[in-house]
Amino acid sequence: MLIKHTKKSQLKESQLTSESVYKERRNIIKGLGLAALTIPFIKPASASVFDIFSSGNDQDKNALFQRSALSFTKNTNYQSLTPLTPEDKVIQYNNFYEFGTGKGDPAQYSQQFKVDPWSLTIDGLVDNPQTLNYEDLLKKFDIEERLYRMRCVEAWSMNIPWLGFTLATLLKQAGVKSDAKYVRFETVFDPDQMRGQASRFVGGSINFPYVEGLTIEEAMNPLALLSVGLYGKTLAPQNGAPIRLVVPWKYGFKSIKSIVKITLTDKAPVNTWQALGPDEYGFFANVNPRADHPRWSQASERFIGEGNVFQQSRQNTQMFNGYEEEVGHLYKGMDLLRNF
Ligand code: MTE
């Protein structure tokens, strides 16, 4: 595989996929006798994908997922981030392998995804195991707006106005037992609705359901948010409706989407990307401009603002994505160059 010998600065986005995924796909392609064909491993989003929401075709509009307005308060501590990534980019340039590996696939293939009824179970080492339904997620907690940076491990970033409530609020209500050390999150498994779960090729060879984890201290940090909306409205399926995690000091893959299960445990969960490529992805995955990915630099990022998503200017990446003051103490004494 030539990626290892390519200068980091020459890496294209289509190459920013885990090597094990690449190899696995190579094997599948060989098995199919298609080795001579050039297959793009991460399909660049085409212009037509960015047009799907502005299409004049009424039938298309009827097929679109309807987002509802949410009432919320603005958290004054998190209102001053500029510029925001335009809403159409936030909802059309996504990573959600359950719907495909291309950046436009989640928006294209998730519009019929059913989010109501939904059930989110909180279990494991808690005093009050419980299951919340769709209405609970939107009505049971005070919803606030927070503007957060989001930094993907692929070296692009966005500024997003999320709506949600802190993970700590939910965990306190469930009553965390003293022997709980970790929180494990799981995405819905529904291959009938998620084409990437029905086909290993479409879903990037991931063993679904997608799993993520945090330590209890990380989960209780006031920055960790359970999001139910963005830009004033409920989440679209491609962003992880009806509820997803947002941990802005960590690479985006930690912010697991469409969660159905939160389990308090005494064992460190093995998260999806760590299982797929342990040499490249780990449990902590804190944003760190000095700790390069084995195949590319993490020192800077392509900030997605106005204009073509692939022709954006680069900006320096900040330690803990700019949230060092809030979370740096969680990692005192840890070798931060080895913590991926
Ligand atoms: N959650 C699930 N279940 N499946 C995924 O493929 N992708 C992750 C994360 N959460 C992913 C996921 C990655 S790599 C990123 S960068 C963010 O979602 C992207 O969130 P966004 O599409 O809302 O910007």
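For the structure, check the block above.
Below: a short report on this structure. (Residues numbered from 1 in each chain as written. Predicted model: local features only at pLDDT ≥ 70, side-chain atom pairs only at ≥ 80, totals over all residues. Heavy atoms only, no water.)

**A closer look at unusual backbone geometry**
As a rule of thumb, non-glycine residues mostly have phi less than zero, and peptide bonds are mostly trans rather than cis.
Argument step 1. A cis amide bond links Thr82 to the next residue, Pro83, at an omega of -10°.
Argument step 2. Residue placement: Pro83 occurs in the loop between strand S1 (73–74) and helix H3 (87–90).
Argument step 3. A cis amide bond links Phe208 with the next residue in sequence, Pro209, at an omega value of 5°.
Argument step 4. Looking at where Pro209 falls in the secondary structure, it is placed in the loop between helix H7 (195–198) and strand S7 (211–215).
Argument step 5. Residue Tyr231 is not a glycine yet carries a positive backbone phi of 50°.
Argument step 6. Among the structural elements, Tyr231 can be located in the loop between strand S8 (225–230) and strand S9 (233–234).
Argument step 7. Despite not being glycine, Phe320 has its phi angle at roughly 50°, a positive value. (Helix = DSSP H or I, 4+ residues; strand = E, 2+ residues; numbered from the N terminus.)

**Quick look at the side chain of Thr166**
Argument step 1. When you line up the elements, Thr166 lands in strand S5 (residues 156–166).
Argument step 2. Overall, the relative accessible area of 13% leaves Thr166 in the buried class.
Argument step 3. Engagement of the side chain of Thr166 in a polar contact is seen with the side chain of Thr169, the distance being 2.5 Å.
Argument step 4. Contact partners of Thr166, with chain neighbours within four places excluded, come to Arg146, Pro222, Ala224 and Leu225. (Buried < 20%, exposed > 50% of the residue type's maximum accessible area, 1.4 Å probe, protein only. Polar contact = N/O pair within 3.5 Å; in protein donor to acceptor, adjacent residues only side chain to side chain. Contact = heavy atoms within 4.5 Å.)

**Here's the deal with the environment of Glu280**
Argument step 1. Along the chain, Glu280 turns up in the loop between helix H9 (272–276) and strand S12 (300–303).
Argument step 2. Residue Glu280 is classed as buried on the basis of its relative accessible area of 8%.
Argument step 3. Distance in space between the C-alpha atoms of Glu280 and Phe340 is 7.5 Å, their sequence separation being 60 residues.
Argument step 4. Polar side-chain contacts of Glu280 include one of 2.9 Å to the side chain of Arg295.

**Section: the packing of aromatic side chains**
Argument step 1. Evaluated as defined, the whole model comprises 15 aromatic pairs.
Argument step 2. For the pair Phe283 and Phe284, a centre-to-centre distance of 5.2 Å together with 85° between the ring planes defines the contact as edge-to-face.
Argument step 3. The exposure class assigned to Phe283 is buried, which follows from its relative accessible area of 10%.
Argument step 4. Above the face of the Tyr109 ring, Arg195 is positioned so that its terminal group lies 3.6 Å from the ring centre.
Argument step 5. Above the ring of Phe283, the side-chain terminus of Lys254 is found at 4.4 Å from the ring centroid. (Phe/Tyr/Trp six-rings, centres within 6.5 Å; stacked < 30°, edge-to-face > 60°. Lys NZ or Arg CZ within 6 Å of the ring centre and 35° of its normal.)

**Some remarks on the pattern of salt bridges**
Argument step 1. By the definition in use, this model includes 14 salt bridges.
Argument step 2. In this structure, the salt-bridge partner of Glu144 is Arg146, at a minimum N-O distance of 2.5 Å. As far as burial versus exposure is concerned, Glu144 and Arg146 are alike and both buried.
Argument step 3. Ionic contacts of the salt-bridge type, sharing partners, join the residues Arg67, Glu87 and Lys233 into one network. (Salt bridge = Lys/Arg side-chain N within 4 Å of Asp/Glu carboxyl O.)

**Regarding the sheet that holds strand S2 (residues 119–124)**
Argument step 1. Strand order in the open sheet made by the five strands is S3-S2-S11-S6-S7, with mixed pairing throughout. Because the sheet does not close on itself, it has two edges, and the strands there are strand S3 (130–133) and S7. Within the sheet, the average angular offset between the axes of one strand and its neighbour, ignoring direction, is 15°.
Argument step 2. In the sheet, S2 pairs with strand S11 (residues 259–265) via four bridges, with the strands oriented parallel. Its bridge partner lying in S11, Gly124 is registered against Leu264. (Pairing = 2+ DSSP bridges. Axes fitted to C-alpha atoms, helices over the stretch in contact; angles between N-to-C directions.)

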